[in-house]
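# Survey of secondary and tertiary structure
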Amino acid sequence: MKIVDATVVVTSPGRNFVTLKLTTDEGIVGLGDATLNGRELAVVGYLSDHVAPLLTGLDPHRIEDTWQYLYRGAYWRRGPVTMAALAAVDVALWDIKAKAAGLPLYQLLGGASRERIRTYGHADGRDIPALLDSVRARLAEGYPAVRIQSGIPGLKAVYGVHTTDGDGAPVLHQQARPLVEDWDTEAYLRHVPAVFEAVRAEFGAELPLLHDVHHRLTPIQAARLGKDLEPYRPFWLEDCTPAENQEALRLVRRHTTTPLAVGEVFNTVHDYQTLITEQLIDYVRSAVTHFGGVTPLRKLFDFAALYQIRTAVHGPQDISPVGMAAAVHLDLAVHNFGIQEYAAHTPRTEEVFRHAYTFSDGHLHPGDVPGIGVELDEQAAAAHPYEAAYLPVNRLQDGTVHDW
Ligand code: GCO
Ligand code: MG
């Protein structure tokens, strides 16, 4: 079999998605997600100008070889643009291989290690009562675990919290110019324990509660937060520091037994080396889409398993249904699965990407159609052209730029 066509499709059914479509001489089509939120067109250029011309004529069955050829051949290693492009190629090749075998992808990854995939959903509120309502809504949808994010007294806009302007209209966190959010670490550190206390008081001790710090603390601040939250037994504290400084987590770990989850901005196993070998974290959180695909993520998961670290694939709405499908196949197959982040895509997105994976009773299943189980409706995709949309920025009250 040979690849005869490689096309990049950009569509924006509410938010931008970048999809690589490979076609073989036998008429088999493979899809891969290459969406890099807020920097989408850089990956489009990388794929169409530099990768697509190399793919035609290749044997799609040679996944590992093609991955190494593109990774090592580029010379310039790593980085989110390169690794998102590589991920799209890798997933499209796995899709083709599984379709050619007539099997759902998870069967090629070793078969199912469980019946279904436990997820967590997002709850947020500008204040505690609004957050409690949001948790109630997620529980009514069936989610077995909930990530809780709350507005902070005195701050106007905080990541992960839906806010409204003076007239009650929603403030979108992604806009044609970056939205400027504001930040005060001390106010945050004072508020979060009260948030956990209120949620525990309302929903009891058993509900798994997660919290995303989004890289905003120093190691000693993160250590303090981890310690302050211990009485409420969080399921995890996510991205508590900017973890490209892997050694920073040593300090956090020394001070708290709150489990730590890291990795949504990482793109290779090297970013995790110290974190894993020194057992500084409990969950690896990279996305198939930003980590070079199923091939390297599987290797990361096996490496993490040696240290009893579990998986928690990044699954925000800016991962397309193609990237989500690949994640769910991997989740079903690996032994050290932990939890899967999941927020349903909008109906418009689901018209463009029809998928076999299902969400019911708070659990995902990849379905049993051959391949990853996603079809791209190119006509529907073409009706939603690219729209410039930036992620927010964050500033301290004196104007200093801060992690958001
Ligand atoms: C999460 C993440 C996302 C990211 C987003 C950036 O835990 O789901 O933090 O919400 O902010 O993916 O594009
Ligand atoms: Mg996160």
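Predicted, not measured: the structure shown is a model, and the values here were computed from it.

With that settled, consider the coordination of the magnesium ion (ligand 2). The magnesium ion (ligand 2) binds to the protein through D212 (OD), E238 (OE) and E264 (OE); the donor distances cover 2.0 to 2.2 Å. The motif formed by the donor residues of the magnesium ion (ligand 2), counted along the single chain, is D-x25-E-x25-E. Note that E238 is positioned in strand β10 (residues 236-238) and E264 in the loop between β11 (260-262) and α9 (273-277), a separation of 26 residues in sequence. Residue E238 shares its accessibility class with E264, and that shared class is buried.

Take the packing of aromatic side chains next. Under the definition given, this model contains 14 aromatic pairs. On the numbers, 4.9 Å between centres and 50° between planes, the contact of W183 with Y188 is tilted. Residue W183 shares its accessibility class with Y188, and that shared class is buried. An aromatic cluster of three or more residues is present, and its members are Y120, F235, W236 and Y283. Taking the ring centre of Y188 as reference, the NZ or CZ of R216 above it sits at 5.4 Å.

Attention now moves to the sheet that holds strand β1 (residues 3-11). Strands belonging to one sheet form pairs held by backbone hydrogen bonds; the direction of such a pair is parallel or antiparallel. Taken together, three strands build an open sheet; the order of strands is β1-β2-β3 and the sheet is antiparallel. At either margin of the open sheet sits one strand with a lone partner, and together these are β1 and β3 (29-33). Neighbour to neighbour, the strand axes of the sheet diverge by 20° on average, direction disregarded. Pairing between β1 and strand β2 (residues 17-24): eight bridges, direction antiparallel. Among the inter-strand pairings, V9 is bridged to a residue of β2, identified as T19. Running at roughly 150° to β3, helix α3 (residues 80-101) makes contact with β1, β2 and β3 of the sheet.

What the domain assignment lists for the protein chain is domain 1 (3-103) and domain 2 (108-369). The distance between the C-alpha centroids of domain 1 and domain 2 comes to 26 Å. Each partner contributes residues to the interface: domain 1 has 33 residues there, and domain 2 has 31 residues. Carbon and sulfur atoms make up 60% of the area that domain 1 and domain 2 hide from each other, which totals about 2400 Å². With its nearest N and O atoms 3.0 Å apart, the salt bridge here joins E64 to K299. Where domain 1 meets domain 2, there are 13 residue pairs in polar contact (both at pLDDT 80 or more). Ranked by residue count, the leading element in the side of domain 1 that touches domain 2 is α3, at eleven residues.

Here the focus is α3. Over its 22 residues, α3 extends 31 Å from the first C-alpha to the last, a length consistent with the 32 Å expected when each residue adds 1.5 Å. Of the residues one or two after α3, G102 is the one with positive phi, at around 75°.

Glancing now at the sheet that holds strand β8 (residues 180-183). Taken together, three strands build an open sheet; the order of strands is β8-β19-β20 and the sheet is mixed. In this open sheet, the two strands that pair with only one neighbour each are β8 and β20 (401-402). Bridge count for β8 against strand β19 (residues 393-396) is four bridges, and the pairing is parallel. The residue of β19 that forms the bridge with V180 is V393.

Phi at H215 takes a positive value of approximately 70°, unusual for a residue other than glycine. Of the residues examined, H215 reaches a relative accessible area of 12% and is grouped as buried.

Attention now goes to the site of ligand 1. Contacts to ligand 1 come from 14 residues, most closely from Y159, H214, E238, E264 and E341. One nitrogen or oxygen atom from the side chain of D212 is found 3.0 Å from an oxygen atom belonging to ligand 1. Contact distances for ligand 1 include 2.8 Å between an oxygen atom and a side-chain N or O atom of E238. Against a free-state accessible area of 340 Å², the protein chains account for coverage of 89% of ligand 1.

What counts, and at which threshold
- Residues numbered from 1 in each chain as written.
- Chains lettered and ligands numbered in written order.
- Predicted model: local features only at pLDDT ≥ 70, side-chain atom pairs only at ≥ 80, totals over all residues.
- Heavy atoms only, no water.
- Donors = N, O, S within 2.8 Å, 3.2 Å for Na, K, Ca; no water.
- Helix = DSSP H or I, 4+ residues; strand = E, 2+ residues; numbered from the N terminus.
- Buried < 20%, exposed > 50% of the residue type's maximum accessible area, 1.4 Å probe, protein only.
- Phe/Tyr/Trp six-rings, centres within 6.5 Å; stacked < 30°, edge-to-face > 60°.
- Lys NZ or Arg CZ within 6 Å of the ring centre and 35° of its normal.
- Pairing = 2+ DSSP bridges.
- Axes fitted to C-alpha atoms, helices over the stretch in contact; angles between N-to-C directions.
- Contact = heavy atoms within 4.5 Å.
- Domains from an automatic or database assignment.
- Buried area = accessible area lost by both parts, 1.4 Å probe.
- Salt bridge = Lys/Arg side-chain N within 4 Å of Asp/Glu carboxyl O.
- Polar contact = N/O pair within 3.5 Å; in protein donor to acceptor, adjacent residues only side chain to side chain.
- Expected span 1.5 Å × (residues − 1).
- Near = heavy atom within 4 Å.
- Areas by Shrake-Rupley, 256 points an atom, 1.4 Å probe, with all protein chains shown as cover.

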